[in-house]
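Here is how the chains run, residue by residue.
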Amino acid sequence: SSAPATASEPLPVIKRPKDMGLLWVDAASPVRVYVQGLEAGESGAYLEVPCGLKNVRLARRDLPPPGHSFPMWLGKAESVLVPCGAANRVKMSVE
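For the structure given in this document, a descriptive report is provided here. (Residues numbered from 1 in each chain as written. Predicted model: local features only at pLDDT ≥ 70, side-chain atom pairs only at ≥ 80, totals over all residues. Heavy atoms only, no water.)

### Things to note about the nonpolar core
For step 1, the next point in the chain: One finds Leu23, Val25, Val33 and Val56 to be the most contacted residues of the largest nonpolar core, which totals 15 residues.
For step 2, the next point in the chain: Mapped onto this core, the elements with two or more residues apiece are β2 (20-26), β3 (32-35), β5 (46-50), β6 (52-59) and β7 (78-82).
For step 3, the next point in the chain: Once you skip the residues sitting within four places of it in the chain, valine 56 turns out to touch Leu23, Val25, Val33, Tyr34, Val35, Lys76, Ala77, Glu78, Val80 and Met92.
For step 4, the next point in the chain: Judged by nonpolar contacts, the second largest core, of 6 residues, contains Ile14, Trp24, Tyr46 and Ala87. (Core = buried A, V, L, I, M, F, W, Y, C linked by side-chain atoms within 4.5 Å. Buried < 20%, exposed > 50% of the residue type's maximum accessible area, 1.4 Å probe, protein only. Helix = DSSP H or I, 4+ residues; strand = E, 2+ residues; numbered from the N terminus. Contact = heavy atoms within 4.5 Å.)

Below, the structure is given as structure tokens:
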């Protein structure tokens, strides 16, 4: 589910607002956030990523146990709209 960023949190300056937007992912525990298959950063912070409809997926922060691939995904990918020059805050579940 998507919720607009709240006014109480100052938005970081977007370096290229025509091409980039801010994505904040809320998850039950700290995780790595991947956008279009590339690591974008950690959950719980604004990440500057290319804007548009993006494939977002969460992964473990640490190395997976032996026999598992890296990154170790923590759920299905979700399509998230990252607005150009603006922010979107989404809550994603960790399986």
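Back to the text.
### Some thoughts on the pairing of β6
For step 1, the next point in the chain: The pairing of β3 with β6 spans 4 bridges and is classified as antiparallel. Across the sheet, the residue bridging to valine 35 is valine 56, located in β6.
For step 2, the next point in the chain: When β6 meets β7, the two strands line up antiparallel, connected through 5 bridges. Note that in β7 the partner of valine 56 across the bridge is glutamate 78. (Pairing = 2+ DSSP bridges.)

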